[in-house]
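Structural overview
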Amino acid sequence: MRWWRKQRGPCNNLLVLSSYTWNTKQSLECYDPLDPNGNITVIFDITEWRNDLGGYVARITIQNYYQYRHVDKPGWKLGWTWSKNEVIWSMKGALATKQGNCSKYKGQKPHCCEKDPVIIDLMPGSAPENMSDGCCKGGVLASWVINPLKSFSSFEITVGNLAKNTPGYKPLNISLMAPGPGYTCGPMVDTDPTVSLVTGGLRQEQVFRTWRSTCTFSSYLANRLPVCCVSLSTFYNPTVTSCPECSCGCREAAKNITKCIR
């Protein structure tokens, strides 16, 4: 059993000037009118130090705190940039989409040598040796109000290629596709170590370090292409005024659409 603490998004503390106008462009890009206080939190828990590999074992959890927004098929994709020269030696509960160039390793090769790994969830029914607690939901997350037990996904990674007794370095440039664009993630920050209940709730155990990143959704970012058009004209004008901008809240345009749908 895990203790969850709801995190506020990086844009939730902005001042609202009116019901239709926000004080900065950033607030527009981070605002979800369906659930302005919701977010998806990425939790990076270091559970074990591995001096033999010059690294650590970490449990990564993606928690959906949106009340109404689900993550549907084909599921989430999580990415980041390593701060140093880290590699992923092994994974359980998820996989990296590319192995990258691991040619300098003559024996066993790491699972992923990419500087910017992209991680996806495993499907239900995966082989038991590849699974971990809370994994393998095909990248699908329910909202935490509708189904808390299906609102998160976890996987385990073993990180190496650092110096012995490394303190660990926070990943940079967190990105989330869930499943498409529209999410903006803040930097990883140090927080209080995650505490879990074990032995039937009789004992508390905490991890060594915990980093968190908060991701918020914006329909403005999700629909950069024009999707529908609003044109204005007057009663006495025989022609319709051209439409340089497009309105929001309409159906998504196909990828090959570059003009307004009339």
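Above this text is the structure in question.
Quick look at the structure, then. Predicted, not measured: the structure shown is a model, and the values here were computed from it. (Residues numbered from 1 in each chain as written. Predicted model: local features only at pLDDT ≥ 70, side-chain atom pairs only at ≥ 80, totals over all residues. Heavy atoms only, no water.)

**Description of the sheet that holds strand 6 (residues 118–121)**
Cut-off, in case you're wondering: Should DSSP find at least two bridges between two strands, the strands are taken to pair. Secondary structure elements follow DSSP: runs of H or I of four or more residues count as helices, runs of E of two or more count as strands, with numbering from the N terminus. Each axis is a line fitted through C-alpha atoms, and for a helix only the stretch in contact is used; angles between axes span 0 to 180 degrees, taken between their N-to-C directions.
Strand order in the open sheet made by the 4 strands is 5-6-3-8, with antiparallel pairing throughout. Taken across any chain shown, the strands that pair with only one partner, and hence form the sheet edges, are strand 5 (94–96) and strand 8 (172–177). Each strand axis lies, on average, 20 degrees off the axis of its neighbour in the sheet, ignoring direction. As judged from the 4 bridges shared by strand 3 (residues 77–81) and strand 8, these two strands associate in the antiparallel manner. Pairing of threonine 81 across the sheet is with leucine 172, part of strand 8.

**Side note on the state of the cysteines**
Note the cut-off: Cysteine sulfur atoms that pair up within 2.5 Å are treated as a disulfide. To sort residues, take the accessible area from a 1.4 Å probe on protein chains only and compare it with the maximum for the residue type: under 20% means buried, over 50% means exposed, and anything in between is partly exposed.
Under the defined criterion, the tally for this structure stands at 3 disulfides. Two residues, cysteine 135 and cysteine 136, share a disulfide whose sulfurs are 2.2 Å apart. The S-S bond linking cysteine 135 to cysteine 136 shows a torsion near -70 degrees; that makes this disulfide left-handed. Taking the relative accessible area as the measure of exposure, cysteine 136 reaches 6% and is therefore buried. Across the disulfide from cysteine 185 sits cysteine 215; the S-S distance is 2.1 Å. Note on the cysteine 185 and cysteine 215 pair: the S-S dihedral is about 105 degrees, so by sign convention the disulfide is right-handed. A residue pair is termed long-range when its members are at least 10 positions apart, and cysteine 185 in strand 9 (residues 183–185) and cysteine 215 in strand 13 (residues 209–217) qualify at 30 residues. Residue classification places cysteine 215 among the buried positions, given a relative accessible area of 0%. Looking at cysteine 112, it has no disulfide partner, and the nearest cysteine sulfur is the one in cysteine 113, 6.7 Å off. You can call cysteine 112 buried: its relative accessible area is 1%.

**A short note on the packing of aromatic side chains**
Each aromatic ring pair is specified by the distance between its two centres and by the angle formed by the two planes. Applicable threshold: In this analysis, rings of Phe, Tyr and Trp, with Trp reduced to its six-membered ring, are considered paired at centre separations within 6.5 Å, and the interplanar angle assigns stacked below 30 degrees, edge-to-face beyond 60, and tilted for intermediate values.
Inspection of the entire model under this criterion finds 11 aromatic pairs. When the ring of phenylalanine 44 is compared with that of tyrosine 56, the centres are 6.5 Å apart and the planes differ by 70 degrees; the resulting orientation is edge-to-face. Taken as a pair, phenylalanine 44 in strand 1 (residues 40–50) and tyrosine 56 in strand 2 (residues 55–64) lie far apart in primary sequence, 12 residues in all. Across this residue pair, the class does not change: phenylalanine 44 and tyrosine 56 are buried.

**Some details on the environment of valine 145**
Within the secondary structure, valine 145 sits in the loop between strand 6 and strand 7 (152–160). Judged by relative accessible area, valine 145 falls into the partly exposed class, the value being 43%. Along the chain, valine 145 and tyrosine 66 lie 79 residues apart, while their C-alpha atoms are 7.7 Å from each other.

**Quick word on unusual backbone geometry**
Omega for the bond connecting lysine 73 with proline 74 falls within 30 degrees of zero, at 5 degrees, which places this linkage in the cis form. Here proline 74 is to be found in the loop between strand 2 and strand 3. Look at the link from alanine 178 to proline 179: it is a cis peptide, with omega at -10 degrees. Within the element layout of this structure, proline 179 appears in the loop between strand 8 and strand 9. The phi angle at asparagine 165 is positive, at roughly 60 degrees, despite the residue not being glycine. Tracing the backbone shows asparagine 165 in the loop between strand 7 and strand 8. For asparagine 173, which is not glycine, the phi torsion reads 50 degrees and is therefore positive. Its location among the elements puts asparagine 173 in strand 8.

**A closer look at the pattern of salt bridges**
Heads up, the rule is: Between Lys or Arg on one side and Asp or Glu on the other, a salt bridge is scored when a side-chain nitrogen of the former is within 4 Å of a carboxyl oxygen of the latter.
Across all of its chains, the model carries 5 salt bridges by this definition. Of the charged contacts in the structure, one is a salt bridge between aspartate 52 and arginine 50, with a shortest N-O distance of 2.8 Å. Residue aspartate 52 is classed as exposed on the basis of its relative accessible area of 57%. Classification of arginine 50 by relative accessible area gives partly exposed; the value is 24%. A salt bridge links glutamate 205 to arginine 203, with the shortest nitrogen-to-oxygen separation between them at 3.0 Å. Of the residues examined, arginine 203 reaches a relative accessible area of 48% and is grouped as partly exposed. The network of salt bridges with shared partners includes Lys170, Asp190 and Arg209.

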